[in-house]
Amino acid sequence: MAKRTNTSVDPTPVVETAQAAEIEQPSAEEVNVAVEKAVKAATPERKGFRKFAELGENDANPYGITNSRGQVVTKGYLSRYIQCWCRKGDGYSKNRSENFRYFMSDEFLSQHADKTASQIGKAASIDPRWGLTPKPAKQDVNIATADPIAVNLPVESEVTVETE
């Protein structure tokens, strides 16, 4: 068994304090810059994929196709727009890879220059290459119909008015 000694230890740690005047507080801008650097260092960079580019850059689409905010989208991002629009539960499997090659071709994209990526995706999704026939429009179930009883009632054509 270990032998106990009667020594007392102060449990409070020794902390050196500095006066407030000696501590220099960083400005809000310095804090923001430091936080941005820390986030950038901690976030892995995705290589090979950019969403937006300036016209004339290698991965920018040459047709001026933008998103809804007016930012020029890259070819890779445009391809994702088109594929997203063409995801439907009822089909879009006929010649899939061949169709996507066509939708990213100069022939198709030049027809849709200066449009948004969503408009081009929508055009690709309704393209006849998919082999889908358009569904007939649904009829509104709340359409008012004539009352069959009221239709078959005889109509009084003469009205008599009694006067004294």
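Just above, that's the structure.
These notes cover the structure that comes with them. (Residues numbered from 1 in each chain as written. Predicted model: local features only at pLDDT ≥ 70, side-chain atom pairs only at ≥ 80, totals over all residues. Heavy atoms only, no water.)

**Description of the packing of helix α2 (residues 75-85) against helix α5 (residues 117-125)**
- Between α2 and α5, whose axes approach to 8 Å, the crossing angle comes to 45°. In terms of their interaxial angle, α2 and α5 are classed as oblique. Relative to α5, α2 is oriented so that their crossing is right-handed. Taken together, the residues of α5 that come into contact with α2 (itself represented by Leu78, Tyr81, Ile82 and Trp85) are Ala117, Ser118, Ile120, Gly121, Lys122, Ala124 and Ser125.
- For the contact of α2 with α5, a count of residues per class yields seven nonpolar, three polar and one charged. (Axes fitted to C-alpha atoms, helices over the stretch in contact; angles between N-to-C directions. Helix = DSSP H or I, 4+ residues; strand = E, 2+ residues; numbered from the N terminus. Parallel < 35°, antiparallel > 145°, perpendicular 65-115°, else oblique. Left-handed = near helix turned anticlockwise from the far one by under 90°. Contact = heavy atoms within 4.5 Å. Nonpolar A, V, L, I, M, F, W, Y, C, P; charged D, E, K, R; others polar.)

**A closer look at the packing of aromatic side chains**
- Tallied over the full model, the rule gives eight aromatic pairs.
- Cation over ring: Arg129 sits above Tyr102, and NZ or CZ is 3.5 Å from the ring centre. (Phe/Tyr/Trp six-rings, centres within 6.5 Å; stacked < 30°, edge-to-face > 60°. Lys NZ or Arg CZ within 6 Å of the ring centre and 35° of its normal.)

**A look at the nonpolar core**
- Core analysis: the biggest nonpolar cluster contains 18 residues, and Ile65, Val73, Leu78, Ile82, Phe103, Phe108 and Leu109 have the highest contact counts within it.
- Within the residue set of this core, elements represented by two or more residues are α2, α3 (96-103), α4 (106-111) and α5.
- Ignoring anything within four residues of it in the chain, the contact list for Ile82 reads Phe100, Phe103, Met104, Ile120, Gly121 and Ala124. (Core = buried A, V, L, I, M, F, W, Y, C linked by side-chain atoms within 4.5 Å. Buried < 20%, exposed > 50% of the residue type's maximum accessible area, 1.4 Å probe, protein only.)

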